[in-house]
Amino acid sequence: MSRVLIRGGRVIDPATGHDADDCDVLVVDGRIDAVGRGLDAGDADPVDAGGLIVAPGFVDPHAHLCEPGWEHRETIRTGALAAAAGGYTAVCAMPDTDPVVDDPASVGFIVAEGRRARGARVYPTAALSAGCRGERLTEFGEIVDAGAVAVCDAGKAVGSSSLMRLALQYARSFGVPVLSQGEDRELARNGVMHEGVISTRLGLRGKPAVAEEIGVARDLALARATGGRLHLQRVSTGAAAELIRAAKAAGVQVTAEATPHHLLLSHNLLAGYGTEYKVDPPLRTARDVELLGAALADGTIDCIATDHAPRHYDEKEQAFDDAPHGVVGLETAFAVLHTRLVRGSLLPLQDLLHRMSTGPARALGLPGGSLEPGQPADIVLIDAEMAWTVAAGDFVSKGRSTPFEGACMEGRVVRTLVGGTTAWSLGRATRAPGPGGPVET
Amino acid sequence: MTGSTAALGKDLIGLEPLSPDQIRIVLDTAEPFKEITERRIKKLPVLRGKTIVNLFFEPSTRTRISFEFAEKRLSADTVNIGAAGSSVSKGETLVDTARNLEAMSIDMVVIRHWSAGAASFLAARIPSNVINAGDGAHEHPTQGLLDILTLRDHFGSLEGLRVCIVGDVLHSRVARSNIYGLVKLGAKVGVCGPRTLLPASIEQLGVRVFAQVDDAVRWADALNVLRLQLERMEDGFVPSLREYNRVFGITSQRLERAPKELLIMHPGPMNRGVEIDSDVADGPHSVILQQVTNGVAVRMAVLYLLAGGAPHLAEAARDWTGT
């Protein structure tokens, strides 16, 4: 029987609202056993959490780990370790690999590689349509049996409303959510940044905000009509957030995510054609940033997604039109949001922790996101006072393109435990064997 | 040629980053160079020993030739690289092209590229002076400068002058350079065209938007008529060229209704009978060919200034080989 006692931290469990200083967490056999003051350590391995925040490990509903097919960008192993380095104990891998994850064998490969990586747990999502081509449904039953936790055509909105309706209906039999990038693809076609005064100044083709509004409105209408479980990915506009707020009030089964970059950065940053700001959907206006922040605060946006999308440096070192969109986010997400939103008094710490753990775990129906007894001991230790500077060269991820390079941070993840085992700790690359894979039930 | 008191800095990427004074310096420096063009021996030694690469990723006739004349008249050694048949068409990336140029110690690069931002991308990566000869729909600064020089020749001052840009502003780098430059020099700028071809939030660049050409014609002192690419019709931005000509084309009937005579400019190449009728293009108020002449002078001025030439010495340079 393995026992670990995390001693003397400020233990915050956003799932229950628990928030207590000088508190202990006892882990037995990889699961939370007890939370409280002065717990009996017995023969447990002690972990000193004095001066640190102890919270449920973060859960990322949206990461691109690029394997198979794009191993020069990232592998499941480097991605899972980068996730652990950012305080994540679980990541959902998007299926837009090469080949696409659209059958049980591919799903099994992701699960197996994730287990071998021994970083954050890796949960595969599988393609909604074969090859993400948007033509016909994949075998939801088979891929869910193989371990897929959701279906989606990663990064590509499902163009056909009838296919999207079928997906929402069919997914109901398997208890998985349908993830969707709400976007009218035809309207967004060719756009490389937000359509507005900056795209006009720069002479770049714009993606209008209304393309997202239309896509989100359609998906919400289909979710309402089918009773299916919809999770909207990478919400970037205030208008879309408002639609989601109204749909939730009307009882539609919908959850939504937003990324740190959409929550903090606006299209003004593109004025120098920096490809580290080229993301999809594009960075929007300062007003959208403000409205998205409000939607995160009031729970309209349930969770933070990194949309971690590593690119090889050569790919980003091109003219703006030619460079692919995508930035890395796993290792900076908590720190940038803590620095700008929590320290900026825009969001309470408890709420940020909720949107990074409890929120996404519930949205995707995953274990974790809570410190209640019986939950997997997926735990993050945070030094909220630690000052540091983002330096992409130090990332565990193979990806180096970040819009936060050189930014001064307040607060840092110092240790990540997956199933009670330290998967990562600051200052030493721990390679202790941990469970790595999905929580066994 | 003296020192590095560069009036423009290292590169000319666009008119947006320039100050009004910097734009005036280029225009003033172009004046003495105009006359060279009319001489029997059209050559000055001011760029002797300098190597210039004209790197054209997009086909171009008049801009490339205009640059080449400007370079040769200043005695530079020039090499032309076109997209077809070069390493560019073999998949070489812009950054590798840049590194190769750097390794050959080129003094200046004139670049035309289909991607907005390509010129500044290159400029940030090589020590050579970079001149943007058009990057996507972003800027075409030497065209903007020659248009402004032509307006100044005709009207004397740009302060309060009303210039309307007519046509496909959405895809036009010429329009953007004109807007930035003219607004900085105190002109009033209008744009007019089908709403499908006017970019989002264009008013925020300090221009007035006209929905009807007749209103624009009534308001303006000069019209800069943009080329309508045939592809725009294929892409569905306008339903037909015939209708475009009828609704937005600059015709003599339309100009006759104007309260005053308008100066007519066009960056070329023209689609006669589409955005502009022949009798207007060839008419007495058209300065389209003067624009071409001014193009060489402006480019000579830009090359001279980027090479470190002092603005006040341009006159002396002209006289240096006086016949």
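Conventions and cut-offs
Residues numbered from 1 in each chain as written. Chains lettered and ligands numbered in written order. Predicted model: local features only at pLDDT ≥ 70, side-chain atom pairs only at ≥ 80, totals over all residues. Heavy atoms only, no water. Helix = DSSP H or I, 4+ residues; strand = E, 2+ residues; numbered from the N terminus. Rg over C-alpha atoms; globule rule 2.2 N^0.38 Å. Buried < 20%, exposed > 50% of the residue type's maximum accessible area, 1.4 Å probe, protein only. Contact = heavy atoms within 4.5 Å. Lys, Arg positive; Asp, Glu negative; His and termini not counted. Charge placed at Lys NZ, Arg CZ, Asp CG, Glu CD. Patch = residues over 30% accessible without salt bridge, like charges linked within 9 Å, V, L, I, M, F, W, Y side chains within 5 Å. Areas by Shrake-Rupley, 256 points an atom, 1.4 Å probe, with all protein chains shown as cover. Salt bridge = Lys/Arg side-chain N within 4 Å of Asp/Glu carboxyl O. pLDDT = per-residue confidence, 0-100. Pairing = 2+ DSSP bridges. Axes fitted to C-alpha atoms, helices over the stretch in contact; angles between N-to-C directions. Parallel < 35°, antiparallel > 145°, perpendicular 65-115°, else oblique. Left-handed = near helix turned anticlockwise from the far one by under 90°. Nonpolar A, V, L, I, M, F, W, Y, C, P; charged D, E, K, R; others polar. Buried area = accessible area lost by both parts, 1.4 Å probe. Polar contact = N/O pair within 3.5 Å; in protein donor to acceptor, adjacent residues only side chain to side chain.

Novice: Give a detailed account of the overall build of chain B, specifying residues and quantitative values.
Specialist: Scanning chain B from terminus to terminus reveals 13 helices and 9 strands. Relative to a compact globule of 323 residues, whose C-alpha radius of gyration would be 20 Å, chain B shows 20 Å and is just as compact. Seen through its C-alpha atoms, chain B measures out along the principal axes to roughly 55 × 45 × 35 Å. Across the 323 residues in chain B, those meeting the buried criterion constitute 58%. Considering only residue pairs separated by 6 or more positions, chain B has 74% of its internal contacts joining residues 24 or more positions apart. Here chain B contributes 36 positively and 37 negatively charged side chains, and the mean placements of these two sets differ by 1 Å.

Novice: Got a sec to walk through a nonpolar patch on the surface? Specific residues and values, please.
Specialist: Residue and element names in this part refer to chain A. Residues Leu-187, Val-210 and Ile-214 make up a contiguous nonpolar surface patch of roughly 210 Å² in combined accessible area. Here Ile-214 shows up in helix H7 (residues 209-226). Its relative accessible area of 38% is what places Ile-214 among the partly exposed residues.

Novice: Outline the confidence of the model for chain B, listing residues and values.
Specialist: In this model, chain B carries a mean pLDDT of 91, and residues with pLDDT of at least 70 account for 93%. Every residue in residues 1-5 of chain B scores below 50 in pLDDT, and together they form 10 contacts with partners more than four places removed in sequence or on other chains.

Novice: Give a description of the sheet that holds strand S9 (residues 263-265) of chain B that names residues and reports values.
Specialist: Residues and elements named next belong to chain B. Across the sheet, 5 strands lie side by side as S7-S6-S5-S8-S9; this open sheet has parallel pairing. The sheet is open, and its two edges are formed by strand S7 (208-210) and S9, each paired on a single side. Along the sheet, successive strands turn relative to each other by an average axial angle of 25 degrees, direction set aside. Here strand S5 (residues 162-166) runs beside strand S6 (residues 188-192); their pairing, made up of 5 bridges, is parallel. Directly across from Ile-165, in S6, lies its bridge partner Val-191. Lying on the sheet, helix H5 (residues 141-155) is in contact with S5, strand S8 (222-225) and S9; it crosses S9 at an angle near 165 degrees.

Novice: Mind laying out the packing of helix H2 (residues 62-73) of chain B against helix H12 (residues 288-306) of chain B, listing which residues take part and the relevant values?
Specialist: All names here are of chain B. Contact geometry for H2 and H12: axes closest at 8 Å, N-to-C directions at 55 degrees. As summarised for this structure, H2 and H12 are arranged oblique, according to the angle between their axes. Our pair here, H2 against H12, has a crossing hand that is right-handed. Here Arg-62, Thr-63, Ser-66, Phe-67, Phe-69, Ala-70, Glu-71 and Arg-73 of H2 lie close against H12, whose contacting residues are Val-292, Gly-295, Val-296, Arg-299, Met-300 and Leu-303. Looking at side-chain class alone, the contact of H2 with H12 contains 7 nonpolar, 3 polar and 4 charged residues.

Novice: With reference to specific residues and values, describe the interface of chain A and chain B.
Specialist: Of the residues lining the interface, 15 residues belong to chain A; the matching set on chain B comes to 22 residues. Carbon and sulfur atoms make up 54% of the surface buried where chain A meets chain B, a total of about 1,400 Å² over both sides. Its largest share of buried area at the contact with chain B, chain A owes to Thr200(A), Arg201(A) and Glu317(A), together 40% of the area lost on that side. Between chain A and chain B we count 2 salt bridges in total. Residues Arg201(A) and Glu16(B) are paired through a salt bridge, measuring 2.7 Å at the closest nitrogen-oxygen approach. Remark: the boundary between chain A and chain B carries 6 residue pairs in polar contact (both at pLDDT 80 or more). Partitioned by chemical class, the residues of the side of chain A that touches chain B number 6 nonpolar, 4 polar and 5 charged.

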